[in-house]
Amino acid sequence: MSFSPSLGFAKLFLPSPSLLNFMALDSTAFSPTSLDEAYELLTRFVSQAKIIAGGTDLMVLMNARQLNAERFIDIWALNELRGISDEGETIRIGALTTYTQLIKSPLIQLHAPALAEASRTIGAIQIQNRGTIGGNIVNASPAGDSLPVLAAFDAEVEVGSVRGVRRIGFNEFYTGYRKTVMAADEIVLAVRAPKLKPGERSFFYKVGTRRAQAISKIVMAVKAKTTDGMINSINISLGSVAPTVIRAPQTESLLANATLNDEVIWQAATHLSKEVSPITDMRSTEHYRRKVARNALAKILSQMV
Amino acid sequence: MCIVSVISVISVAKNVCPNLVWSDLEAKKSMKLNFRVNGVEREIDAPPMKRLLDALREDLRLTGTKEGCGEGECGACSVIVDGEALNSCLAPVCQMQNANIITVEGLARDGKLDPLQQAFLECGAAQCGICTPGMLIAARALLDANRRPSRDEIKEAIAGNLCRCTGYVKIIDAIEQAASAA
Ligand SMILES: Cc1cc2nc3c(=O)[nH]c(=O)nc-3n(C[C@H](O)[C@H](O)[C@H](O)COP(=O)(O)OP(=O)(O)OC[C@H]3O[C@@H](n4cnc5c(N)ncnc54)[C@H](O)[C@@H]3O)c2cc1C
Ligand code: FES
Ligand code: FES
């Protein structure tokens, strides 16, 4: 599976898989064992080397001959990039943390449950064991399922290079379709999500063709604080309805301080269906996505009443 | 000017990380890999980005692991690495240094089938057989972590394994049977 719409069709015209992989046999890979080594390699090769983490996006492209690089920097051995830690107000998640680790983490279950929920819908077990949150972030697909959760949580991405470490607000991280603010020699080190505060809840909803191995037709995450059916604050985020993961600021402000009832819910949900800008592609149509965005929000809001 | 700056970057880098020998970094097309496959220490020389699937089938002649899709969808190429199932079509061998790998060939012990293999036979859970090695591996990984899975847990564990013949019911029956026999 790849997020490129042409892949399935293109495969028909390609020679047998072992031949496909021939190009990869010509490349070299470095497996640094410390972050400093990785920085040096990136400084030296900059855009002539491609980072590989779990490989679940990259190897698909390589096997389909949609990507080749002479050099790969394999960061899988960098244990510095693993681990989920409690930092008080926030949870820090190392870039190489896999979905399986996220699903099993008591810290995530407690403080960012929507992220565990999203992880459970990603691929199937073989993918969850290998795919990383850092890979999902940098791969920058509008359909990346962890991304709406990170957007709704106002997470922060920590990136590093020889120049040092910088933190970037998740909602400023993407600049366009599959474009990020990262420089070519930077590595994602971790992502930080603020813990849910008392009274706050998080929600996740994904629609794909089936429960496993499905790229989202639409995916939504919401973080909200309500008191007695009144919304104190709400963050709404969606994937697969725009060139990047997006927040829905208009619908958010429509709902701020609103008291939830059927009419308010329907108004907000209808507004959201107009605020998003989905396209028609091989996975779904614009019309369907607008409708499902509306229904998904209505469903989530009804759970808050 | 440009050359000078490149050299200075390299020499700075050298100072920081004595472990990196820059001459070693030039286009190394093949690397020595040591890992344990089905309990046996193996060593191969392979290009670092070679797929684990191809290393198993070509270098080690372990052709039990199958290729279905080559894109992570079908699970036919599943193997267990350090206790977790993964798709060997998506894993480059350079990530397998010192790994402990179990393929379908490693399931039977001393001429005796794994209870899962026995149950697959008894339940008629294999027809054409292309998905079977991957199914067995996914099921083995499940039972190693969860001795008495529910039917739903079994379905979840093989959700990444496609079968175009059986309709899955007999596969799920077989896994259930193996679990209750254990
Ligand atoms: C069968 C299948 C099903 C899938 N299902 C889903 C799904 O349901 N939902 C979903 O969102 N995704 C899905 N994916 C996509 C993929 O599994 C995820 O995007 C995963 O998180 C990628 O992580 P990785 O570590 O494997 O990335 P890789 O493939 O190793 O890398 C992906 C990209 O990120 C870069 N990169 C990785 N880590 C870093 C880092 N720390 N710093 C800088 N750059 C980095 C790489 O250079 C590359 O460009 C699926 C893939 C397959 C094959
Ligand atoms: S061949 Fe690896 S998942 Fe299909
Ligand atoms: S038995 Fe033929 S695909 Fe499963």
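Model, not experiment: these values are computed from the prediction. (Residues numbered from 1 in each chain as written. Chains lettered and ligands numbered in written order. Predicted model: local features only at pLDDT ≥ 70, side-chain atom pairs only at ≥ 80, totals over all residues. Heavy atoms only, no water.)

Novice: Got a minute to help me understand the overall build of chain B in this structure?
Specialist: Broken down by element type, chain B carries six helices and five strands. When the helices and strands of chain B are placed in sequence order, the string is α-β-β-α-β-β-β-α-α-α-α. Excluding contacts between residues fewer than 6 apart, the proportion of contacts in chain B whose partners are at least 24 apart in sequence is 53%. Split by element, the accessible area of chain B, about 8700 Å² in all, is 53% carbon and sulfur. (Helix = DSSP H or I, 4+ residues; strand = E, 2+ residues; numbered from the N terminus. Contact = heavy atoms within 4.5 Å. Areas by Shrake-Rupley, 256 points an atom, 1.4 Å probe, with all protein chains shown as cover.)

Novice: Honestly, the packing of helix α3 (residues 115–123) of chain B against helix α4 (residues 132–145) of chain B in this entry has me stumped. Any pointers?
Specialist: The relative placement of two packed helices is expressed as an angle between their axes plus a distance between the axes. Residues and elements named next belong to chain B. The geometry of α3 relative to α4 is characterised by a closest axis approach of 10 Å and an angle of 130° between their N-to-C directions. Judged by the angle between their axes, α3 and α4 are oblique. Classified by chirality, the crossing of α4 by α3 is right-handed. Packed against α3, whose contacting residues are P115, L116, Q117 and F120, the element α4 presents T132, M135, L136, A139, R140 and L143 at the interface. Its residues placed into classes, the contact of α3 with α4 shows seven nonpolar, two polar and one charged. (Axes fitted to C-alpha atoms, helices over the stretch in contact; angles between N-to-C directions. Parallel < 35°, antiparallel > 145°, perpendicular 65-115°, else oblique. Left-handed = near helix turned anticlockwise from the far one by under 90°. Nonpolar A, V, L, I, M, F, W, Y, C, P; charged D, E, K, R; others polar.)

Novice: Sorry, what's going on with helix α14 (residues 286–302) of chain A here?
Specialist: At 3.6 residues per turn, the α-helix brings residues three or four places apart onto the same side. Residues and elements named next belong to chain A. If you check α14, its first and last C-alpha atoms are 24 Å apart, about what 17 residues at 1.5 Å a residue would give, namely 24 Å. What α14 keeps buried is the set R289, V292, A293, R294, A296, L297, A298, I300 and L301. Buried-residue contacts for α14 involve β11 (200–207), β12 (218–227), β13 (230–239), α12 (249–255) and α13 (262–275). (Expected span 1.5 Å × (residues − 1). Buried < 20%, exposed > 50% of the residue type's maximum accessible area, 1.4 Å probe, protein only.)

Novice: Would you mind going over the site of ligand 1 with me for this structure?
Specialist: Not every one of the 38 residues close to ligand 1 is listed here, only the nearest: I51(A), T56(A), D57(A), Y99(A) and T132(A). With respect to ligand 1, the chains having nearby residues are chains A and B. Here T132(A) contributes a side-chain N or O atom positioned 2.6 Å from an oxygen atom of ligand 1. In this structure, A214(A) approaches ligand 1 through a main-chain N or O atom, which is 3.4 Å from an oxygen atom. (Near = heavy atom within 4 Å. Polar contact = N/O pair within 3.5 Å; in protein donor to acceptor, adjacent residues only side chain to side chain.)

Novice: Please explain helix α2 (residues 52–59) of chain B as it appears in this structure.
Specialist: Among the residues of α2(B), those classed as buried are L52(B), L53(B), D54(B), A55(B) and L56(B). Two residues or fewer past α2(B), R61(B) is found with a positive phi of approximately 55°.

Novice: Where do I start with the domain arrangement of chain B in this structure?
Specialist: Many authors give the size of an interface as the accessible area that is lost as the parts come together. Residues and elements named next belong to chain B. Each assigned domain of chain B is listed with its residue range as follows: domain 1 (28–106) and domain 2 (115–181). Counting residues at the interface gives 13 residues for domain 1 and eleven residues for domain 2. Between domain 1 and domain 2, a total of about 970 Å² is buried, with carbon and sulfur atoms accounting for 69% of that surface. Looking at the side of domain 1 facing domain 2, the largest losses of area belong to C74, I80 and V104, adding up to 41% of the total buried there. Remark: the boundary between domain 1 and domain 2 carries zero salt bridges. The tally of links between domain 1 and domain 2 comes to three residue pairs in polar contact (both at pLDDT 80 or more). By residue number, the principal contributor to the side of domain 1 that touches domain 2 is strand β3 (residues 78–81), which donates three residues. (Domains from an automatic or database assignment. Buried area = accessible area lost by both parts, 1.4 Å probe. Salt bridge = Lys/Arg side-chain N within 4 Å of Asp/Glu carboxyl O.)

Novice: So what exactly am I meant to see when it comes to the side chain of E275(A) here?
Specialist: Residue and element names in this part refer to chain A. Of note, E275 is situated in helix α13. Within the buried set, E275 has no salt-bridge partner at all; the shortest N-O distance to an opposite charge, 8.9 Å, is to R247. Within polar-contact distance, the side chain of E275 engages the backbone nitrogen of Q250 at 2.9 Å. For E275, the residues in contact, after removing those within four places along its chain, are A248, P249, Q250 and T251. (Lys, Arg positive; Asp, Glu negative; His and termini not counted.)

Novice: What is the right way to look at the side chain of E158(A) in this model?
Specialist: Residues and elements named next belong to chain A. With respect to the helices, strands and loops of the structure, E158 is situated in strand β6 (residues 156–161). Using a relative accessible area of 7% as the deciding quantity, one classes E158 as buried. Separated by 2.9 Å, the side chains of E158 and R92 make a polar contact. Every residue in contact with E158, bar those within four places of it in the chain, is listed here: R92, V165, R166, I187, V188, L189, A190 and R192.

Novice: Even after reading the chapter, I still don't get the sheet that holds strand β1 (residues 28–30) of chain A, so can you show me in this structure?
Specialist: Backbone-to-backbone hydrogen bonds pair the strands of a sheet. The strands run either parallel or antiparallel. Residue and element names in this part refer to chain A. Strand order across the open sheet formed by three strands is β1-β3-β2, with parallel pairing between neighbours. Single-partner strands in this sheet number two, and they are β1 and β2 (49–52). For this sheet, the mean angle separating the axes of adjacent strands, direction not counted, is 30°. Relative to strand β3 (residues 71–74), β2 is paired through four bridges, and the arrangement is parallel. Looking at β3, one finds that K50 is bridged to F72. Packing of helix α4 (residues 35–45) onto the sheet brings it into contact with β1, β2 and β3, and relative to β3 it is tilted by some 160°. (Pairing = 2+ DSSP bridges.)

Novice: Can you walk me through the pairing of strand β2 (residues 40–46) of chain B in this structure?
Specialist: For a regular strand, the rule is simple: side chains alternate between the two faces of the sheet. Residues and elements named next belong to chain B. The pairing of strand β1 (residues 31–37) with β2 spans seven bridges and is antiparallel. Note on β2: the bridge partner recorded for K32 is D45. Connecting β1 to the next strand, β2, in antiparallel fashion are two residues, including N38 with a positive phi near 50°.

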